[in-house]
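Chain and residue survey
One letter stands for each residue in the lines below.
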Amino acid sequence: MKNLFSIICFLMAFPAFAQISADSMRTEQERIGKISKFQSIDFFSRARDIKQPVKRHDLVVLQDEDRKLYYGIVDSVKSLNSISIILYPAPNGRERVQATFDDIYLPKQNEVRAVAPAPVAQVPEYTAPIMRVKENKQEDFRIAQAADLLEQAGRSYENADILKYLSYASFFVGTALSAAGSLNSSGSSLQAAGGILIGAGVGASIGSVVYRFRGHGNLKSAGAALRR
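Residues numbered from 1 in each chain as written. Predicted model: local features only at pLDDT ≥ 70, side-chain atom pairs only at ≥ 80, totals over all residues. Heavy atoms only, no water.

**Comments concerning the pairing of strand 4 (residues 82–90)**
Bridge analysis of strand 3 (residues 69–79) against strand 4 gives six bridges, and the strand direction is antiparallel. In the strand pairing of strand 4, serine 76 is matched with serine 84. Turn length for the strand 3-strand 4 hairpin, with the two strands adjacent in sequence and antiparallel, is two residues. The pairing of strand 4 with strand 5 (residues 93–99) spans six bridges and is antiparallel. (Pairing = 2+ DSSP bridges. Helix = DSSP H or I, 4+ residues; strand = E, 2+ residues; numbered from the N terminus.)

Right, here's the structure in full:
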């Protein structure tokens, strides 16, 4: 009768024991998950190098000959050469391994905090159309500015051509009048008119060069406006 009572008590306690074990495994996996996201040994320091002892429940990392990392929790420390580590090589696959103090790596707290991703500022969706409208307005302004500069350049080149042909005509007529006046004894007035026309031709030629350079400047400004 006594043995039967003991068996009944054991069977009643077994479900509670199983629940505690499942909760413990879930807690261990959650803790290990906090360091398993760091996939490089550079985020960890060898415990012996930093002279930091390990104790039960510490999060640690082991590395094999192929430089593969294994993340775990210290289960017990019997000596420096006998440290029990709990690993989860597979989901819900709990495994205990033995390690030495020289095998254990600990997280570098400063670097772990540094690699945490900074919160990205979220731009409200309603601002996207407003930003696009602003960009379109700026682009329209640049195009309008470039078009105006191109128009000014065209007018400058047109004026330069008019002055160029006017200077040719002034030189030709002025030279002809000066020649005719030199053949006539009373042609001083013709020579004077010819000289005036030749001087006008020189002024028109200079004006043509000025307008042509102005047209070049407007073309450069139009190109710069489009590149902005």
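On we go.
**Looking at the environment of valine 97**
Tracing the chain through its elements places valine 97 in strand 5. In the structure, valine 97 is positioned 15 residues away from serine 82 in sequence and 9.7 Å away in space, judged by C-alpha atoms. Here valine 97 is in contact with Leu62, Ile83, Ser84, Ile85 and Leu87, once residues within four sequence places are set aside. (Contact = heavy atoms within 4.5 Å.)

**Re the pattern of salt bridges**
Applying the stated criterion across every chain yields a total of seven salt bridges. Across the pair lysine 55 and aspartate 58 runs a salt bridge whose closest N-O atoms are separated by 3.5 Å. Of the charged contacts in the structure, one is a salt bridge between glutamate 151 and arginine 155, with a shortest N-O distance of 3.1 Å. Taken together, the residues glutamate 151 and arginine 155, both in helix 3 (residues 127–183) and four residues apart, mark about one turn of the helix. Classification of glutamate 151 as partly exposed rests on a relative accessible area of 47%. With a relative accessible area of 41%, arginine 155 lands in the partly exposed category. (Salt bridge = Lys/Arg side-chain N within 4 Å of Asp/Glu carboxyl O. Buried < 20%, exposed > 50% of the residue type's maximum accessible area, 1.4 Å probe, protein only.)

**Examining the confidence of the model for the chain**
Residues of the chain with pLDDT of at least 70 account for 76%, and the chain-wide mean is 76. Ignoring residues within four places in sequence, the model shows residues 1–20, a span with pLDDT below 50, making zero contacts including any to other chains. For residues 113–120, every residue scores under 50 in pLDDT, and the model assigns this stretch two contacts once sequence neighbours within four places are set aside. (pLDDT = per-residue confidence, 0-100.)

**Brief notes about the nonpolar core**
Among the nonpolar cores identified, the biggest contains 14 residues, and Ile32, Ile35, Ile41, Phe44, Val61 and Tyr71 are the most heavily contacted of them. Listed by contribution, the elements that provide at least two residues to this core are helix 1 (2–36), strand 2 (59–63), strand 3 and strand 4. Non-local contacts of phenylalanine 44, meaning those with residues more than four positions away in its chain, are made with Ile35, Phe38, Val61, Tyr71, Tyr105, Leu106, Pro107 and Lys108. Counting 13 residues, the second-largest nonpolar core is a separate cluster that includes Ile83, Ala99, Phe101 and Leu106. (Core = buried A, V, L, I, M, F, W, Y, C linked by side-chain atoms within 4.5 Å.)

**Quick notes on the environment of glutamate 28**
Inspection of the secondary structure assignment puts glutamate 28 in helix 1. Judged by relative accessible area, glutamate 28 falls into the buried class, the value being 11%. Separated by 59 residues in sequence, glutamate 28 and leucine 87 place their C-alpha atoms 9.1 Å apart. Apart from the residues lying within four places of it in its own chain, the contact partners of glutamate 28 are Ile73, Ile86, Tyr88 and Arg94.

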